[in-house]
Amino acid sequence: MINRAVRRLVMTAKTDTSANRGQWICILGMFGSVLLGAIGGAYVASRPFLGGLTALSLFLSMVAIGMIVAEGFFSVEGLYGQRRRDLAAENIWTMLRDGSAPDNPFVLYLRPFSSTDAISETKVSAIPVQTSGGRQLIIGTDNLEFETQIEQAVRPIGTLVGLGDPLEHEGAGRIRLHDDIWQDAVRKLMHEATLIILLPSPDGGTRWEVETLLRSGLLQKAIIVDPPNHASRRKTYDPVSEWAEARRVFAEQGYTLPEDAPDGQLIWFGEGRAPADRHQLSLDEVADMRRFFKRIARQAA
């Protein structure tokens, strides 16, 4: 209930300016929550009638409450950021539909809907901390989600856009289309995109997108993604079988898609029917992916 209410609130932002304002309010809320939690905890703990253990417990409780509230603001700030990307994607499609060139370049993201929020991995890091008792390690974790990492990597090239519902996921800006026009829209988006990121699938609409891309002569500006097998965390999306079937679809059109790479890979065909460039995919190396995407974008221009 709370989540739906928050999303309805974020959806009321109809312009980039209002969504940006929402982000800044959330950022201020994050810092304010942590600060008030620390100040409130220090004030309560300093009361002379409290014992040492009680004072410490109250201080930690206040700080924890402040952190929890700050985490909530952080989540909402992410939704406002996604709302800005959705609005940018909607504006791109509106201009293309009306026969105008978009104000800014964009990257088209084609994928099976079953892959949404299904590819991620956890990065574990150890931070050394020097204390009076000697050196200690603090273990931290960070969730690396495929689409959000790709979105960050392509930012210098253009806005990442894909089909779907607004705010359905944090990553590519979503364009909502009716079933009777989505194929024409995809063709137009393919032609106008600076770069195309394709997560191939033999099923449904994605198969049509793959076949259309292969027949259109636009494959030279497409990067094919073979996701890391260990990062799949949903039974509804099996990257191994998806890739095997995708290879068959490519072969039917006369293209040679490489065998599955368990650790993941990025593939560029160029103007040929076999890969001209291949690059290992690592979700925690956004800068490395960014360099590869930028190099391919220059070669495909």
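Refer to the structure above for everything that follows.
Right, let's walk through the structure included here. (Residues numbered from 1 in each chain as written. Predicted model: local features only at pLDDT ≥ 70, side-chain atom pairs only at ≥ 80, totals over all residues. Heavy atoms only, no water.)

Quick look at the sheet that holds strand S6 (residues 195–198)
The sheet built from 7 strands is open, its strands ordered S5-S4-S1-S6-S7-S8-S9 with mixed pairing. Of all strands in the sheet, those with a lone pairing partner are strand S5 (173–175) and strand S9 (277–280), marking the two edges. In this sheet, adjacent strand axes meet at a mean angle of 25° when their direction is disregarded. Two elements, strand S7 (residues 222–226) and strand S8 (residues 265–268), share 4 bridges in a ladder whose sense is antiparallel. Bridge pairing links Ile224 to Ile267 in S8. In this fold helix H4 (residues 146–154) packs onto strand S1 (106–110), strand S4 (159–163), S5, S6 and S7, with an angle of close to 140° to the strand it touches most, S4. Lying on the sheet, helix H7 (residues 239–252) is in contact with S6, S7 and S8; it crosses S7 at an angle near 145°. (Pairing = 2+ DSSP bridges. Helix = DSSP H or I, 4+ residues; strand = E, 2+ residues; numbered from the N terminus. Axes fitted to C-alpha atoms, helices over the stretch in contact; angles between N-to-C directions. Contact = heavy atoms within 4.5 Å.)

Some remarks on the pairing of S4
Of all 5 residues in S4, 4 are buried, a share of seventy percent or more. One ladder, built from 3 bridges, connects S1 with S4; its direction is parallel. In the strand pairing of S4, Val107 is matched with Leu160. In terms of strand pairing, S4 meets S5 through 3 bridges, oriented parallel. Counted as the bridge partner of Leu163 is Ile175 from S5. (Buried < 20%, exposed > 50% of the residue type's maximum accessible area, 1.4 Å probe, protein only.)

Regarding the environment of Gln183
With respect to the helices and strands, the residue Gln183 is situated in helix H5 (residues 182–192). When its relative accessible area of 31% is taken as the criterion, Gln183 is described as partly exposed. Taking the C-alpha atoms as reference points, Gln183 and Gly205, separated by 22 residues in sequence, lie 8.7 Å from one another.

Considerations on the side chain of Ser33
With respect to the helices and strands, Ser33 occurs in helix H2 (residues 16–45). A polar atom in the side chain of Ser33 sits 2.7 Å from the backbone oxygen of Gly29. (Polar contact = N/O pair within 3.5 Å; in protein donor to acceptor, adjacent residues only side chain to side chain.)

Section: the packing of helix H6 (residues 204–216) against H7
The interhelical angle for the contact between H6 and H7, taken along N-to-C directions, is 35°, at an axis separation of 10 Å. Handedness of the crossing formed by H6 with H7: right-handed. Here Arg207, Val210, Glu211 and Leu214 of H6 come into contact with H7, specifically with Arg248, Val249, Phe250 and Glu252. Grouping the constituent residues of the contact of H6 with H7 by class yields 4 nonpolar, no polar and 4 charged. (Left-handed = near helix turned anticlockwise from the far one by under 90°. Nonpolar A, V, L, I, M, F, W, Y, C, P; charged D, E, K, R; others polar.)

Side note on the pattern of salt bridges
The full count for this structure, using the stated rule, is 14 salt bridges. With a shortest N-O distance of 3.3 Å, Arg97 and Asp98 are connected by a salt bridge. Salt-bridge contacts for Arg187 lead to Asp184; the nearest nitrogen and oxygen are separated by 2.8 Å. Within this pair, Arg187 and its partner Asp184 are both found in helix H5, separated by 3 residues, close to a single helical turn. Residue classification places Arg187 among the partly exposed residues on the basis of a relative accessible area of 36%. Taken together, the shared-partner salt bridges in this structure form one network comprising Arg207, Glu211, Glu245, Arg248 and Glu252. (Salt bridge = Lys/Arg side-chain N within 4 Å of Asp/Glu carboxyl O.)

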